[in-house]
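# Close look at the chain arrangement
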Amino acid sequence: MSLPHAILTALLEKPSSGLELTRRFDKSIGYFWSATHQQIYRELGRLEADGQIRALPSEQPARGQKKSYEVLPAGRAELARWTAASQDPKPHRDVMLLRLRAAAVVGTAGLEADLRRHLDLHRLQLAEYQEIEQRDFPPGRDAPQDRLRHLVLRAGIDLETFWTQWLTHALEEFAELPGSEAV
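Residues numbered from 1 in each chain as written. Predicted model: local features only at pLDDT ≥ 70, side-chain atom pairs only at ≥ 80, totals over all residues. Heavy atoms only, no water.

### Observations concerning the nonpolar core
In a soluble, globular protein the nonpolar side chains are often hidden away together inside. One finds Ile-7, Leu-11, Leu-21, Phe-25, Ile-40, Leu-44 and Ile-53 to be the most contacted residues of the largest nonpolar core, which totals 17 residues. Those elements that provide at least two residues to this core are helix H1 (2-13), helix H2 (18-27), helix H3 (37-49) and strand E3 (68-71). With 6 residues, H1 is the largest single contributor of residues to this core. Among the nonpolar cores identified, the runner-up in size contains 9 residues, and Met-96, Leu-111, Leu-167 and Phe-174 belong to it. (Core = buried A, V, L, I, M, F, W, Y, C linked by side-chain atoms within 4.5 Å. Buried < 20%, exposed > 50% of the residue type's maximum accessible area, 1.4 Å probe, protein only. Helix = DSSP H or I, 4+ residues; strand = E, 2+ residues; numbered from the N terminus.)

Have a look at this one:
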């Protein structure tokens with residue numbers, strides 16, 4: 001149920017076409033809530049049919065024109081309702097953790113190299129988040145909207161910091177394991 005809310009949030013920040021939304025998802029919201037282009041376009045249709053968004057009037061003929069959307073009062077009310085509602089945390093699911101558990105019974109062949117690859121990927125993501133933080137959140141940028149957006153980015157930074165530390169520790173443990181035979 002969160003994709004429509006992610007779209008409503010993005011459209012309230014800036015009315016956009018479907019293509020612009022998919023690009024914005026790729027550059028910001030997609031860091032913590034991913035969606036394919038098809039999912040976004042399908043959800044735009046649903047939100048429009050439900051009266052939560054509307055296509056902005058175009059000065060040119062509609063054929064071949066990209067439609068830009070804006071949020072209607074019903075969409076804003078739905079987003080406010082959803083934001084205020086209580087929600088329990090979801091259990092964390094991670095394939096790497098499951099693979100490590102499986103390695104305890106079938107052996108560790110190939111896993112160390114993939115742990116190193118994951119560490120490299122998390123380091124790159126951490127560096128990207130830190131670059132965004134320096135660029136977009138200089139000291140003194142204290143408007144409530146900026147503080148909340150920065151809080152979301154800090155969650156990403158903290159998660160990537162956790163993963164880089166945990167993977168470093170996991171690789172240290174691997175260095176002490178005997179070969180790649182079943183434990």
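That was the structure; now back to the text.
### Some points on the sheet that holds strand E1 (residues 16-17)
Pairing in this open sheet of 3 strands is antiparallel, and the strands run E1-E3-E2 from one edge to the other. In the strand order of this sheet, the two ends are held by E1 and strand E2 (53-55), each with one partner. With 3 bridges joining them, E2 and E3 adopt antiparallel strand pairing. The residue bridging Arg-54 from the neighbouring strand is Glu-70, located in E3. (Pairing = 2+ DSSP bridges.)

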